[in-house]
Amino acid sequence: MDNRKVVLITGCSSGFGLSTAVRLAASGHFVWATMRDTSKRFRLENGLAKHRAQAFIRALDVTQPLTIQNVVDEIDQTHGRIDVLVNNAGYLVAGFFEDLKPEEIRAQMETNFFGAQNVCRGVLPLMRRQKKGRIINISSIAGQIGTPTLGAYNASKWALEGFSESLYFELKPFGISVSLLEPGLYTTELFSKNIRYAQDFDNPQSPYFSLNRKIKAFSHKFHKLGKDPNRIAGLIERIINERSPRLRYVSDFPSWVRINAQKILPPAWVAYILRRVFHADK
C-alpha cells in the first residue's frame, strides 16, 4: 500500500517550512514547497539535494488568492488530491502599540491570519471532495500568552487559534482534521530576517525608546538559545502519520510550562517578572 501523501506547505524559504519540506520529501511524500519569492529557493534546493530528495517548488503568496488557486489547481491536475496542508508562512512585527502604525498591524494580520484562511479556503473544496484531509496551522505559544512588544503578533496568532478551533469542529463531519502546532523558541529566522520592527521602534522621540533598545538586545541574545527547527519538522511528520490527530500540540515541555505558568500566575506577578527580565526602568 502506498502511504505517500500529497503535502502543500507554505513559507518554505526558511525555518520550519524549509525543514519540514526537506524531511517529508526525504520520507518519500509528494511535497509542494511554496514561498512568496522563489528566488530564495536555493537553501531549500540544497537541503533537498543533501537528502537526495525532490519537491515541487512553486511561488505562492498567502495574501494573493490567485497564486494559491494556481498551485492548488496544479496539484489537483497532477495528483487529484491534497492530503495535508501545512500553513506555515508568517513573520513577526515587534513594537509597543503606540510605536506601531495601523497599517503595520493590518499587514501582520493579512499574512499570519488572513493568509492562513486564504490557503484553507483554497484547499477545502478539494479535501471535501475526497472526504479526507489534514490541516496543520503553525501557531505559537504567543497564541496563548501575551508578551510586551509582540501585541500585533500575539493578536494574529490568537486569531489563528480561535479560527482553527472553530474549523476543527466544522470539518470533523467531512473527515478533515485540523491541528494547531504551538512552537516556543527555535532558531529560525523569525527573530532575524523575518522580524520587522515598528516604524517608531528606533525613534528617540518614542516614550518607549530606551526600553526598545534593551528589548532588541535581549531578543538577539535570547534567540541564540533556540532549539533546532528540525524538531518541529519531526513533530509535523508525526501529526501527519497519527490516526486521530489532536487539536493542539505544544512543541516541547519548556513551552508547555511557559504557557501554563503565565495562565496560573497572577498577572501582577507576570508583569513583575517581565520587568525584571527586560530590565525595565518602571
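As the structure is a prediction and not an experimental result, all values here were calculated from the model. (Residues numbered from 1 in each chain as written. Predicted model: local features only at pLDDT ≥ 70, side-chain atom pairs only at ≥ 80, totals over all residues. Heavy atoms only, no water.)

## Points about the overall build of the chain
Stated formally: Helix and strand assignments come from DSSP, with helices taken as H or I runs of at least 4 residues and strands as E runs of at least 2, each series counted from the N terminus. Burial classification: accessible surface area is computed with a 1.4 Å probe over protein chains only, and a residue below 20% of its type maximum counts as buried, one above 50% as exposed, and the rest as partly exposed. Pairs of residues are marked as contacts when any of their non-hydrogen atoms sit within 4.5 Å. Only the protein chains shown count as cover for residues, and the accessible areas themselves come from Shrake-Rupley with a 1.4 Å probe. Charge assignment in this entry is limited to Lys and Arg as positive and Asp and Glu as negative, and neither His nor the chain termini are counted. Charge positions are represented by NZ for Lys, CZ for Arg, CG for Asp and CD for Glu.
Tallying secondary structure elements over the chain gives nine helices and nine strands in all. For the chain, the spread of C-alpha atoms along the principal axes amounts to about 60 × 40 × 35 Å. Buried positions account for 49% of the 282 residues belonging to the chain. In the chain, the proportion of contacts linking residues at least 24 apart, taken out of those at least 6 apart, comes to 72%. Surface summary for the chain: the accessible area is close to 14,400 Å², and the carbon and sulfur share equals 54%. Where the 39 positive side-chain charges of the chain centre and where its 25 negative ones centre are 5 Å apart.

## Considering unusual backbone geometry
Peptide bonds are mostly trans, and most non-glycine residues show a negative phi. Positioned with a positive phi, Arg-52 is a non-glycine residue whose angle comes to about 50°. The phi torsion at Lys-131 lies on the positive side, around 60°, for a residue other than glycine. Note that Lys-131 resides in the loop between helix H4 (102–130) and strand S6 (133–138).

## Focus: the sheet that holds strand S2 (residues 30–35)
Convention followed: At least two DSSP bridges between two strands are required for those strands to pair. All axes here are fitted lines through C-alpha atoms, helices being fitted over the stretch that makes contact, and every angle between N-to-C directions spans 0 to 180 degrees.
Taken in spatial order, the seven strands make up an open sheet running S3-S2-S1-S4-S6-S7-S9, and their pairing is parallel. The two strands at the open ends of the sheet, each matched to only one other strand, are strand S3 (56–59) and strand S9 (248–250). Strand-to-strand twist across the sheet, computed as the mean angle between neighbouring axes with direction ignored, equals 20°. Two strands pair when backbone bridges link them, and S6 and strand S7 (residues 176–182) are joined in this way by six bridges, in the parallel orientation. Across the sheet, residue Arg-134 finds its bridge partner in S7, namely Ser-177. With respect to the sheet, helix H7 (residues 230–241) is in contact with strand S4 (84–87), S6, S7 and S9, its orientation differing from that of S6 by roughly 155°.

## Some remarks on the nonpolar core
The line we're drawing: By convention a nonpolar core is built from buried Ala, Val, Leu, Ile, Met, Phe, Trp, Tyr and Cys residues, the set being connected through side-chain atoms within 4.5 Å.
Formed by 30 residues in total, the largest nonpolar core has its most connected members in Leu-8, Leu-85, Ile-135 and Leu-167. Top element by residues in this core is H4. It accounts for nine residues. When sequence neighbours within four positions are dropped, the list of residues in contact with Ile-135 reads Leu-85, Cys-120, Leu-124, Met-127, Leu-167, Leu-171, Ile-176, Ser-177, Val-178 and Ser-179.

## Considerations on the packing of helix H3 (residues 65–79) against H4
Rules: By the definition adopted for this analysis, an angle is roughly parallel if under 35 degrees, roughly antiparallel if over 145, roughly perpendicular if from 65 to 115, and oblique otherwise. For a crossing to be left-handed, the near helix must be turned anticlockwise from the far one by less than a right angle; the clockwise case is right-handed. By the convention adopted, Pro, Cys, Tyr, Trp, Phe, Met, Ile, Leu, Val and Ala count as nonpolar, Lys, Arg, Asp and Glu as charged, and the other residues, Gly among them, as polar.
One can describe the packing of H3 onto H4 by two numbers: an axis separation of 8 Å at closest approach and a directional angle of 25°. Between H3 and H4, the angle is such that the two are roughly parallel. The chirality of how H3 crosses H4 is right-handed. Contact with H3, carried on its side by Pro-65, Ile-68, Gln-69, Val-72 and Asp-76, involves Asn-118, Val-119, Gly-122, Val-123, Leu-126 and Arg-129 of H4 and no other residues of that element. Considering only residue class, the contact of H3 with H4 consists of six nonpolar, three polar and two charged.

## Some words on helix H2 (residues 42–50)
Stated formally: Each direction from the helix axis to a C-beta atom contributes to the arc, which is the arc of those directions.
Within the span of H2, buried status applies to Leu-44, Gly-47 and Leu-48. Each buried residue of H2 lies within a common arc of 100° when the element is viewed along its axis, so the set occupies one face. Opposite the buried face of H2, by more than 90 degrees, sit the exposed residues Phe-42, Ala-49 and Lys-50. On its buried side, H2 packs onto helix H1 (15–26), S2 and S3. One or two residues past the end of H2 sits Arg-52, with phi positive at roughly 50°.

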